Number of protein chains: 2
Amino acid sequence: MAAEPINLREKLAGLLEHWSPRVVAELNDYQFKVAKFEGDFVWHEHAETDEAFLVLEGSMGIEFRDRTVRLNAGELLVVPRGVEHRPFAESECQVLLIEPRGVVNTGRSGGELTADNDRWL
Amino acid sequence: MAAEPINLREKLAGLLEHWSPRVVAELNDYQFKVAKFEGDFVWHEHAETDEAFLVLEGSMGIEFRDRTVRLNAGELLVVPRGVEHRPFAESECQVLLIEPRGVVNTGRSGGELTADNDRWL
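Quick summary incoming for the structure in this document. Just so it is clear, the model here is predicted, and its values are computed rather than measured. (Residues numbered from 1 in each chain as written. Chains lettered and ligands numbered in written order. Predicted model: local features only at pLDDT ≥ 70, side-chain atom pairs only at ≥ 80, totals over all residues.)

## As for the overall build of chain A
- Counting its regular elements, chain A contains one helix and eight strands.
- Its helices and strands in sequence order give chain A the pattern β-α-β-β-β-β-β-β-β, from N to C terminus.
- A compact globule built from 121 residues should have a C-alpha radius of gyration of about 14 Å, and chain A, at 13 Å, falls within 12% of that.
- Taken along the three principal axes of its C-alpha coordinates, chain A extends 45 × 30 × 25 Å.
- Every one of the 121 residues in chain A was classed for burial, and the buried ones make up 36%.
- For chain A, restricting intrachain contacts to residue pairs at least 6 apart in sequence, the fraction spanning at least 24 positions comes to 64%. (Helix = DSSP H or I, 4+ residues; strand = E, 2+ residues; numbered from the N terminus. Rg over C-alpha atoms; globule rule 2.2 N^0.38 Å. Buried ≥ 20, exposed ≤ 12 C-beta atoms within 10 Å, placed from the backbone. Contact = placed C-beta atoms within 7 Å.)

## Focus on the interface of chain B and chain A
- Listed per partner, the contact involves 27 residues of chain B and 27 residues of chain A.
- Sorting the residues of the side of chain B that touches chain A by element identifies strand S1 (6-7), helix H1 (8-13), strand S2 (22-27), strand S3 (30-40), strand S6 (68-72) and strand S7 (75-79) of chain B as the ones contributing at least two each.
- Top contributing element to the side of chain B that touches chain A by residue count: S7 of chain B, with five residues.
- Here the residues of the side of chain B that touches chain A are counted per class, giving 19 nonpolar, four polar and four charged.
- Pairing analysis gives two bridges linking strand S1 (residues 6-7) of chain A to S7 of chain B, with the strands arranged antiparallel. (Nonpolar A, V, L, I, M, F, W, Y, C, P; charged D, E, K, R; others polar. Pairing = 2+ DSSP bridges.)

## A look at the pairing of strand S8 (residues 85-100) of chain A
All names here are of chain A.
- In this sheet, S8 lies alongside strand S3 (residues 30-40) in antiparallel orientation, the contact comprising ten bridges. Of the residues in S8, the one forming a bridge with Lys 36 is Gln 94.
- In terms of strand pairing, strand S4 (residues 51-57) meets S8 through five bridges, oriented antiparallel. When the bridges of S8 are listed, Phe 53 appears paired with Leu 97.
- Pairing of strand S5 (residues 59-64) with S8, which is carried by four bridges, proceeds in the antiparallel orientation. For Glu 63, the partnering residue across the bridge sits in S8 and is Arg 86.

## Overview of the relation of the copies chain B and chain A
- Of the two same-sequence chains, chain B is brought onto chain A (RMSD 0.0 Å, axial shift 0.0 Å) by a rotation of 180 degrees. What the superposition gives is, in effect, a two-fold axis relating one chain to the other.
- Looking at the interface residues of chain B, 100% of them are also at the interface in chain A, so both copies use one shared face. (Least-squares fit on C-alpha atoms with pLDDT ≥ 70 in both.)

## Quick notes on the environment of Asn 72 of chain B
Residues and elements named next belong to chain B.
- Looking at the secondary structure, you find Asn 72 in strand S6.
- For the pair formed by Asn 72 and Val 95, sequence separation is 23 residues and the distance between their alpha carbons is 10 Å.
- Not counting residues up to four positions away in its chain, the partners in contact with Asn 72 are Val 55 and Ser 59.

## Observations regarding the environment of Val 95 of chain A
Residue and element names in this part refer to chain A.
- Tracing the sequence through the fold places Val 95 in strand S8.
- Of the residues examined, Val 95 has 24 C-beta atoms within 10 Å and is grouped as buried.
- Note: C-alpha distance between Val 95 and Met 60 (35 residues apart in sequence) is 9.1 Å.
- Leave out the neighbours within four places in its chain, and Val 95 touches Ala 35, Phe 37, Phe 53, Leu 54, Val 55, Leu 56 and Met 60.

Right under this line is the structure:
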């Protein structure tokens, strides 16, 4: 396994779809995924794991059942396991997700925004 | 457990020591740590885990036994478990480390640059 630097901006330049995370690196059984968000995602939760969002460019929000959190570039938020959340972005936002291998973006909520899992970029 | 945004730049502004990673968030049993690097670190390895470096500002290098890799802001590198490496930075570099809870910065190499573990900022 080679240790090669991954330029996140370059990776994101090759990603055109919104709400379609792509794996760029693995750390043990965790994955780093880049994603572009725009518009409204669906309410969902991940029963088995926390999920980290690090905003690389732009800004986004995460709606929880009791409040809404804003996230700007350079800000990190960890959504605890089992907590319902709904990401959204008024304009395109570039994000790094960190979570265990195998996490599905819509949790068990499903729907048309469910992305194929484990797609590399 | 609250899900609060963590501003990495603000966290780093409060960190004055070099080579002294501070935990800013946890993701399951993994930790996000901010650190400032300047000068030469020691050769070491982590036998039990991969280790991720994401450069937030500045640039750094990681020397391996067979080559040296440069890392600039916005670049991510995962050092595989068991691989000897030596980070360095000609001038101050701000880094986000991601690794399991309990990883000691100098591995088993020890020495004066060994930082207290699990210190939060």
